[in-house]
Amino acid sequence: VERLAAAGAERVSIALDAATPEIFDRVKGDEVGGPYTWRGHLQALGDARAILGGRVSTHLIVGLGESEQEMVQAIQFLHDRGITVGLFAFTPIAGTPLADRPQPDLASYRRVQLAQHLIVNDVSRVERMRFKGGRIVDFGVVGDVLRKTIDSGEPFRTSGCPDCNRPFYNESPRGPIYNYPRKPTPKEIAAIRGQLFSEH
């Protein structure tokens, strides 16, 4: 990281991917013979932050077996340490060990997106949110703030490194769209609102 910074790198990203140590071990650590450790990744992110300040990013992938609460706790933990989080929806790829795993439930992903937006903009915190069975049931803000935030469409756009929109990075152009590379239309926002408060 020091060499990258000296060479003029604008940003460094170290992908954590998993929201919990247990899931990390299952997808890229000891359980799959990977060379990585949860502790090592957190140390690397902290070291990079010390060198580059606020120019450090990581990725979190929704749909690896975590609850909404665990994902939001991870987002808060990283935000509090000045790490920018790029949110992805798990995408199965043929020929990989997780090829048979489904993509995350769209309603659940929308709730995590909204929670992330509120956290990174310091509008709410995980401690103010309420969860039931691991699912977000209260975002810790008053109704008018929540409505305006949803109506802006901003929480549902691609998140992560500044100016990155990676269209169709984790979805098919046929849909469903997990991360919009542009502002969602009023019709799309109406559909998102229905997804957010879906019971399934």
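Calculation notes
Residues numbered from 1 in each chain as written. Predicted model: local features only at pLDDT ≥ 70, side-chain atom pairs only at ≥ 80, totals over all residues. Heavy atoms only, no water. Helix = DSSP H or I, 4+ residues; strand = E, 2+ residues; numbered from the N terminus. Contact = heavy atoms within 4.5 Å. Areas by Shrake-Rupley, 256 points an atom, 1.4 Å probe, with all protein chains shown as cover. Pairing = 2+ DSSP bridges. Axes fitted to C-alpha atoms, helices over the stretch in contact; angles between N-to-C directions. Salt bridge = Lys/Arg side-chain N within 4 Å of Asp/Glu carboxyl O. Buried < 20%, exposed > 50% of the residue type's maximum accessible area, 1.4 Å probe, protein only. Parallel < 35°, antiparallel > 145°, perpendicular 65-115°, else oblique. Nonpolar A, V, L, I, M, F, W, Y, C, P; charged D, E, K, R; others polar. Expected span 1.5 Å × (residues − 1). Polar contact = N/O pair within 3.5 Å; in protein donor to acceptor, adjacent residues only side chain to side chain. Phe/Tyr/Trp six-rings, centres within 6.5 Å; stacked < 30°, edge-to-face > 60°. Lys NZ or Arg CZ within 6 Å of the ring centre and 35° of its normal.

(A) Seen up close, the overall build of the protein. A tally of helices and strands in the protein yields seven helices and five strands. Starting at the N terminus, the α and β elements of the protein follow one another as α-β-α-α-β-α-β-α-β-β-α-α. If you line up the protein on its principal axes, its C-alpha atoms span 45 × 35 × 35 Å. Pairs at least 24 apart in sequence give 67% of the contacts found in the protein among residues at least 6 apart. In the structure as shown, the protein presents an accessible area of about 10500 Å², 52% of it carried by carbon and sulfur atoms.

(B) Structural view of the sheet that holds strand β3 (residues 84-89). Here three strands make up an open sheet; going across it, the order is β1-β2-β3 and the pairing parallel. Single-partner strands in this sheet number two, and they are β1 (12-13) and β3. Looking at chain direction, β1 and strand β2 (residues 56-62) are connected through two bridges and run parallel. Across the sheet, the residue bridging to Ser13 is Ser57, located in β2. Across the sheet, helix α4 (residues 68-80) is in contact with β2 and β3; its angle to β2 comes to roughly 180°.

(C) Quick look at the pattern of salt bridges. Under the defined criterion, the tally for this structure stands at eleven salt bridges. For Lys28, the salt bridge goes to Asp17, with nearest N and O atoms at 2.9 Å. With Lys28 in helix α2 (residues 21-28) and Asp17 in the loop between β1 and α2, the pair connects residues that are eleven residues apart, well separated along the chain. As far as the burial class goes, Lys28 and Asp17 line up, both buried. For Asp151, the salt bridge is made with Arg193, and the minimal N-O distance between the two is 2.2 Å.

(D) Inspection of the packing of helix α6 (residues 143-152) against helix α7 (residues 186-196) at higher detail. Here α6 crosses α7 at 130°, and the two axes come no closer than 9 Å. With respect to each other, α6 and α7 are oriented oblique. From α6, Ile150, Asp151 and Ser152 reach across to α7, where they touch Ile189, Arg193 and Leu196. Taken together, the residues of the contact of α6 with α7 sort by class into three nonpolar, one polar and two charged.

(E) Seen up close, unusual backbone geometry. The amide bond that connects Gly175 to the next residue, Pro176, takes the cis arrangement and shows omega of -5°. With respect to the helices and strands, the residue Pro176 is situated in the loop between α6 and α7. Its identity is not glycine, yet Asp17 carries a phi of approximately 70°, on the positive side.

(F) Inspection of helix α5 (residues 106-120) at higher detail. With 15 residues, α5 should reach 21 Å at 1.5 Å per residue; the first-to-last C-alpha distance of 21 Å fits that figure. Counting buried residues in α5 gives 14 out of 15 residues, a clear majority hidden from the surface. Near the N-terminus of α5, the side chain that reaches the backbone nitrogen of Ala107, with its oxygen 3.3 Å away, is that of Asp105. Following α5 by one or two positions, Asp122 adopts a phi angle in the positive range, close to 55°.

(G) Seen up close, the side chain of Asn179. Summarising the element assignment, Asn179 is placed in the loop between α6 and α7. Among the polar contacts listed, one links the side chain of Asn179 to the side chain of Tyr109, at a separation of 2.8 Å. Polar side-chain contacts of Asn179 include one of 3.3 Å to the side chain of Gln113. Contact partners of Asn179, with chain neighbours within four places excluded, come to Leu87, Phe88, Ala89, Tyr109, Gln113, Phe156, Arg157, Thr158, Arg166, Asn170 and Glu171.

(H) Region of interest: the packing of aromatic side chains. Under the criterion given, the structure shown has two aromatic pairs. Where Phe24 meets Trp38, the ring centres are 6.0 Å apart and the plane angle is 80°; that geometry is what we call edge-to-face. One end of the pair, Phe24, is in helix α2; the other, Trp38, is in helix α3 (residues 38-52), with 14 residues separating them in the sequence. Note on accessibility: Phe24 and Trp38 belong to one class, buried. Measuring from centroid to centroid gives 5.3 Å for Tyr109 and Tyr178, while their planes differ by 80°, and the two rings are edge-to-face. Of the two residues, Tyr109 sits in helix α5 while Tyr178 sits in the loop between α6 and α7, which places them 69 residues apart along the sequence. Classification of Tyr109 by relative accessible area gives buried; the value is 0%. Classification of Tyr178 by relative accessible area gives buried; the value is 4%. Just above the ring of Tyr36 sits the side chain of Lys28; from NZ or CZ to the centre is 5.5 Å.

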